[in-house]
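In case you want the letters, here they are:
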Amino acid sequence: MKKLLRWCNTHPVYTLVGYYMLYLCWFYFAEYRNPVPKYIIHAGIDDIIPFSVWAVIPYASWAPFIFFSLLLFVLYASREELWRLAVPMMCGMVLTVGFYLFVPTGLNLRPETMSGPSFLVWIVELLHKADTPTNVCPSIHVFISFIIDQAWQRSALIAGERNRWKRILIRLWDLAIILSTLFLKQHSVIDVIAGMAVGLLLDYAGTHMNMKKLREYAEI
């Protein structure tokens, strides 16, 4: 165990990439096992929230948000800060997909027709083909965005009053991604609330995980 921790800490890129590949296998196994949702998620407020193809812009920025955040933490943050971000996020991804296996959820919110700029409509159509409205609750989009935002808000990389605007921009980016899941009808309000709850629990757990002790245990 000690050797494994040491290797992971000295090879964070390989660790994160390897984990992501395993996670994709785990996620698509859940998609394959439960192609038809057993529970349709819906709340009355979902019918009030309008659909907008413009929401695909912040929605699609989720992947760059994750990639560049992890990259900057790998390059410039302390190992303690990096794993304070990565460990809760990775644990949450595994646990959430595990939940999907036993509680297969889905949505019936997507509009039959869309209006707006043709290139955005085309992107949304591609998204709908690639991202099925299944395994939606809790929202992985939401809880990962929340955890990354929290990591940035406490990071030494942008600490201090002069970096306040950076923290505000990251918070706004996080909120835009979360709201986009609703306006794009990719998630119900219930999914978002559940995703926020997962993010809060994982972030709380991460606060009480002694990363410094873990680092010392690996003798790094």
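In this report, the structure presented in the accompanying data block is examined. Quick caveat: nothing in here was measured; it's all calculated off a predicted structure.

### Digging into unusual backbone geometry
No. 1: With an omega of 0°, the peptide bond running from Cys-137 to Pro-138 counts as cis.
No. 2: Inspection of the secondary structure assignment puts Pro-138 in the loop between α6 (118-130) and α7 (140-154).
No. 3: For Asn-135, which is not glycine, the phi dihedral falls at a positive 50°.
No. 4: Take Asn-135: it is sitting in the loop between α6 and α7.
No. 5: Assessed through its relative accessible area of 5%, Asn-135 is described here as buried.
No. 6: Residue Lys-185 is not a glycine yet carries a positive backbone phi of 60°.
No. 7: Residue position: Lys-185 is located in the loop between α8 (164-183) and α9 (189-207).

### Considerations on the pattern of salt bridges
No. 1: On inspection of all chains with the given rule, the structure shows three salt bridges.
No. 2: Note that Asp-149 and Arg-171 form a salt bridge whose closest N and O atoms lie 2.3 Å from each other. Note that Asp-149 is positioned in helix α7 and Arg-171 in helix α8, a separation of 22 residues in sequence.
No. 3: In this structure, the salt-bridge partner of Arg-154 is Asp-203, at a minimum N-O distance of 2.6 Å. Pair noted here: Arg-154 is in helix α7 and Asp-203 is in helix α9, with a separation of 49 residues, a long-range link.
No. 4: Residues joined in a network through salt bridges with shared partners are Arg-84, Arg-154 and Asp-203.

### Things to note about the packing of α7 against α9
No. 1: The contact between α7 and α9 brings their axes to 8 Å, and the two run at 40°. Classed by the angle they form, the pair α7 and α9 counts as oblique. When you trace α7 past α9, the crossing you get is right-handed. Between α7 and α9, the contacting residues are Val-142, Phe-143, Phe-146, Ile-147, Gln-150 and Arg-154 on the first element and Val-192, Gly-195, Met-196, Val-198, Gly-199, Leu-200, Leu-202 and Asp-203 on the second.
No. 2: Split into classes, the residues belonging to the contact of α7 with α9 amount to nine nonpolar, three polar and two charged.

What counts, and where the lines are drawn
Every residue gets a number counted from 1 within its own chain, in the order that chain's sequence is written. With the structure being a predicted model, the display of local features is reserved for residues of pLDDT at least 70 and the display and counting of side-chain atom pairs for 80 or more, all residues being used for whole-chain, interface and lining totals. The side-chain values count all of the structure's non-hydrogen atoms but skip hydrogen atoms and water molecules. Elements are defined by DSSP. Helices are runs of H or I of four residues or more, strands are runs of E of two residues or more, and each kind is numbered from the N terminus. Partly exposed describes any residue whose relative accessible area lies between the buried limit of under 20% and the exposed limit of over 50%, with all areas from a 1.4 Å probe on protein chains only and scaled to the type maximum. By convention in these notes, a salt bridge is any Lys or Arg side-chain nitrogen within 4 Å of a carboxyl oxygen on Asp or Glu. Every axis corresponds to a line fitted to the C-alpha atoms, with the helix fit spanning only the stretch in contact, and the corresponding angles, defined between N-to-C directions, vary from 0 to 180 degrees. Any angle that is under 35 degrees is reported as roughly parallel, and any over 145 degrees as roughly antiparallel; angles of 65 to 115 degrees are reported as roughly perpendicular and all others as oblique. In this scheme the handedness of a crossing depends on how the near helix is turned from the far one: anticlockwise by less than a right angle means left-handed, clockwise means right-handed. Any two residues having at least one pair of non-hydrogen atoms within 4.5 Å are treated as being in contact. For this classification, Asp, Glu, Lys and Arg are treated as charged, while Ala, Val, Leu, Ile, Met, Phe, Trp, Tyr, Cys and Pro are nonpolar and the rest, including Gly, are polar.

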